[in-house]
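# Chain and residue survey
The lines below spell out each chain.
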Amino acid sequence: MSDICAYHDQLINVRRHLHTMPEEGWCEFRTTAYLIETLRGYGYEVLTGTKVIDPESCLGRNPKLVEAAQQYALENGVSQAMLDEMEGFTGCCAVMDTGRPGPTLAVRFDIDCIPVQESHEPDHKPAKEGFVSERPGFMHACGHDAHMSTGLALAHWFADHKDEMKGRIKFLFQPAEEGVRGAAGMAASGIADDADFFLAAHIAMMCKSGEVSIKPYGFLCTTKLDVTYQGAPAHAGVEPNAGKNAMAAACNAFVQLLGIPRHGSGMSRINVGQLTAGEGRNVIPSKAVMKMEVRGETAEINTYMYERAVDIIKGCAIAQGCEYKIEKMGEAVDLINDEEMVEVLRKAAGAVKGVTVRDDPMNFGGSEDATIIARRVQAKGGKAAFFVLGADRPSGHHTAKFDVDEKALDTGLEVWANAVTALLAK
Ligand SMILES: [Zn+2]
Ligand SMILES: [Zn+2]
């Protein structure tokens, strides 16, 4: 594509700007305001709030953090009118109709950061070149800053080339991908229900600079759970018999959960990552909270892990006379790219100079909640795919020295632009 290099400076500058102001899932008010204003500047109709998020289907959204994040946004230049428009929900959808009959294409970019303290050491490029996170304890350590800058550059490019296109494009800027929380609410809003095609991507992961994986596999189905045991406190010396020991229920459950038999038809995972319990040395512990997750190679295996876990959680509650509550905090499913989309990606990536198209099945090795929207589009008869844009990285995703080779952004934008052109020509 001849003029794609015209967007190079924008790609880098926007990525670096967003890198300085990371916001965690469901708290991306400042980020969303920036996206909305930029997209409106390109001439898009931009929807936000409950038009793009179904409040009933939100997973893992903490109202206290949301409140604090709105305050932070207000103190950092976001207007009350803009916050009112967002109705307490982050993320947005930018729509552009070419006015000519054609398909509807939904493209998705995620916008949240990780609660990680970014490195300030001189060998870390964002620190050295002055675009390190300005928010202690928060960092774009997964590359979603690069995703957003790609999405905005693609939106800019599309607006500039609107007259050569047909059909309609919808840019979904999705909140709270980390912990696979945001997609369920966005999918349930129905915002992508009219999409004939759905496309999403991740930068780096298992691919080096120059590689584009068009058939990634191994999107683990996963369910994230918060488990609360409620017992009764009692004096540990005077009448321990009057207590109901929530910590004992949680500890028994913890050990038993790790012993769920592995499933014969594929990979499974289980982890209890946090356990908080008890009041003090001489009190029978009355409350325990476990943050845990199950994963499975297929929906069937994930459901198996989930159902066995629920039985154990329940059994351990009964054994200690405690009440229990299980809250679903996040969810992702598996995805198989539609072959028609794989062919589009093969041509789109293959046409970019210096790109090696990887059509061997490469293991994504994690969970990604774009799959929730993709599966919903597929269920309604649309076609969906997810690809990985390779980028060298000095350190692993979610670590303090994570960074991406910015040359990959130019490659990525060109792959995206080629794919959009091909899909809307169908
Ligand atoms: Zn991540
Ligand atoms: Zn990510």
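Residues numbered from 1 in each chain as written. Chains lettered and ligands numbered in written order. Predicted model: local features only at pLDDT ≥ 70, side-chain atom pairs only at ≥ 80, totals over all residues. Heavy atoms only, no water.

As annotated in an unreviewed UniProt entry, the chain carries the name Amidohydrolase and comes from Sutterella parvirubra YIT 11816.

Before going further, it helps to examine the coordination of the zinc ion (ligand 2). Every protein donor of the zinc ion (ligand 2) is accounted for by Cys142 (SG), His144 (NE2) and His202 (NE2), and the metal-donor separations fall at 2.1 to 2.3 Å. We note that the donor set of the zinc ion (ligand 2) lies within a single chain, spaced as C-x1-H-x57-H. The distance between the zinc ion (ligand 2) and the zinc ion (ligand 1) comes to 3.1 Å, with Cys142 serving as a donor to both metals. With a gap of 58 residues between them, His144 in helix 6 (residues 144-160) and His202 in strand 5 (residues 197-203) connect regions that are remote in the sequence. (Donors = N, O, S within 2.8 Å, 3.2 Å for Na, K, Ca; no water. Helix = DSSP H or I, 4+ residues; strand = E, 2+ residues; numbered from the N terminus.)

Attention now moves to the UniProt feature "binding site: Mn(2+)" (unreviewed entry) in the chain. Cross-referencing UniProt, the feature "binding site: Mn(2+)" (unreviewed entry) maps to Cys142, His144, Glu178, His202 and His398 in the present numbering. With the annotated positions falling across 257 residues, the maximum pairwise C-alpha distance of 13.7 Å places them together in a single cluster. Sequence-distant contacts of His144, that is, excluding residues within four places in its chain, are made with Asp110, Ile111, Asp112, Glu177, Glu178 and His202. In this structure the side chain of His144 is engaged in a polar contact, spanning 2.9 Å, whose partner is the backbone oxygen of Asp112. Topologically, Glu178 is positioned in the loop between strand 4 (168-174) and helix 7 (182-188). A residue is classified by how much of its surface remains accessible, and Glu178, at 12% relative accessible area, is buried. Setting aside residues no more than four positions away along its own chain, Glu178 makes contact with Asp112, Cys113, Ile114, Cys142, His144 and His398. (UniProt positions renumbered as here; feature names shortened; annotations may be inferred. Contact = heavy atoms within 4.5 Å. Polar contact = N/O pair within 3.5 Å; in protein donor to acceptor, adjacent residues only side chain to side chain. Buried < 20%, exposed > 50% of the residue type's maximum accessible area, 1.4 Å probe, protein only.)

Further remarks concern the domain arrangement of the chain. Domain annotation for the chain reports domain 1 (4-219 + 333-424) and domain 2 (221-331). Between domain 1 and domain 2, the buried area comes to about 900 Å², and carbon and sulfur atoms account for 58% of it. Area buried by domain 1 at its contact with domain 2 is led by Leu59, Val180 and Ser367, which between them contribute 40% of it. Along the contact surface separating domain 1 from domain 2 lie zero salt bridges. The class makeup of the residues in the side of domain 1 that touches domain 2 is five nonpolar, four polar and three charged. (Domains from an automatic or database assignment. Buried area = accessible area lost by both parts, 1.4 Å probe. Salt bridge = Lys/Arg side-chain N within 4 Å of Asp/Glu carboxyl O. Nonpolar A, V, L, I, M, F, W, Y, C, P; charged D, E, K, R; others polar.)

This paragraph deals with the coordination of the zinc ion (ligand 1). Taken together, the protein ligands of the zinc ion (ligand 1) are Cys142 (SG), Glu178 (OE), Glu178 (OE) and His398 (NE2), with distances of 2.1 to 2.7 Å. Bound by four donor atoms, the zinc ion (ligand 1) shows angles of 52 to 147° at the metal and therefore irregular coordination geometry. Look at His398 and you get partly exposed, because its relative accessible area is 37%. (Tetrahedral: all angles 85-135°; square planar, octahedral: opposite > 155°, others 65-115°.)

What follows is about the packing of aromatic side chains. Under the criterion given, the structure shown has nine aromatic pairs. Ring pairing ties together the aromatic residues Tyr44, Phe109, Phe171, Phe173, Phe387 and Trp416, which thus form one cluster. A cation sits over an aromatic face here: Arg135 above Tyr72, 4.0 Å from the ring centre. (Phe/Tyr/Trp six-rings, centres within 6.5 Å; stacked < 30°, edge-to-face > 60°. Lys NZ or Arg CZ within 6 Å of the ring centre and 35° of its normal.)

Now for unusual backbone geometry. Positioned with a positive phi, Ala204 is a non-glycine residue whose angle comes to about 70°. By secondary structure assignment, the location of Ala204 is in the loop between strand 5 and strand 6 (211-213). Its identity as a non-glycine residue notwithstanding, Met205 has a phi of 50°, on the positive side. With respect to the element layout, Met205 can be found in the loop between strand 5 and strand 6.

Turning our eyes to something else, we now look at the environment of His397. By secondary structure assignment, the location of His397 is in the loop between strand 12 (383-389) and helix 12 (407-424). Taking the C-alpha atoms as reference, His397 lies 32 Å from Gly41; in sequence the two are 356 residues apart. Ignoring any residue separated from it by four or fewer positions in sequence, one finds His397 in contact with Ala141, Cys142, His202, Ile203, Ala204, Met205 and Phe402. A distance of 2.8 Å separates the side chain of His397 from the backbone nitrogen of Met205, its partner in a polar contact.

The next point concerns the packing of helix 8 (residues 246-258) against helix 9 (residues 299-320). Look at helix 8 against helix 9: their axes get within 9 Å of each other, and the N-to-C directions meet at 150°. In the crossing of helix 8 with helix 9, the sense of the turn from one axis to the other is right-handed. Where helix 8 abuts helix 9, its residues Ala248, Ala249, Asn252, Ala253, Gln256 and Leu257 lie against Ala309, Ile312, Cys316, Ala317 and Gln320. Looking at the contact of helix 8 with helix 9 residue by residue, the class counts come to eight nonpolar, three polar and no charged. (Axes fitted to C-alpha atoms, helices over the stretch in contact; angles between N-to-C directions. Left-handed = near helix turned anticlockwise from the far one by under 90°.)

Our next topic: the sheet that holds strand 6. Spatial ordering of the open sheet is given by 1-2-4-3-5-12-6-11, a layout of eight strands whose pairing is mixed. Each having just a single partner strand, strand 1 (45-48) and strand 11 (356-358) make up the two edges of the open sheet. Here the strands of the sheet are splayed against their neighbours by 20° on average, with no regard to which way each runs. As defined by bridge partners, strand 3 (residues 104-110) adjoins strand 5 across four bridges and the pair is classed as parallel. Across the sheet, the residue bridging to Arg108 is Ala200, located in strand 5. The strands touched by helix 11 (residues 370-379) are strand 3, strand 4, strand 5 and strand 12; relative to strand 5, the strand with the most contacts, the crossing angle is about 160°. (Pairing = 2+ DSSP bridges.)

Quick look at the pairing of strand 9 (residues 287-296) now. On a regular strand, each side chain points to the face opposite its neighbour's, so the side chains alternate between the two faces of the sheet. Within strand 9, seven of the ten residues are buried, which leaves it mostly tucked inside the rest of the structure. Inspection of the sheet shows strand 7 (residues 221-230) paired to strand 9 by ten bridges, in the antiparallel sense. Pairing of Leu225 across the sheet is with Met292, part of strand 9. Two strands pair when backbone bridges link them, and strand 8 (residues 268-277) and strand 9 are joined in this way by nine bridges, in the antiparallel orientation. Each residue of the ladder has a partner; that of Ser268, found in strand 9, is Gly296.

A separate point is helix 2 (residues 29-41). Taking 1.5 Å per residue, 13 residues should reach 18 Å; helix 2 reaches 18 Å between its end C-alpha atoms and fits that length. When helix 2 is considered as a whole, its buried residues turn out to be Phe29, Arg30, Thr31, Thr32, Ala33, Leu35, Ile36, Thr38 and Leu39. Looking one or two places after helix 2, you find Gly43, whose phi comes out positive at around 100°. (Expected span 1.5 Å × (residues − 1).)

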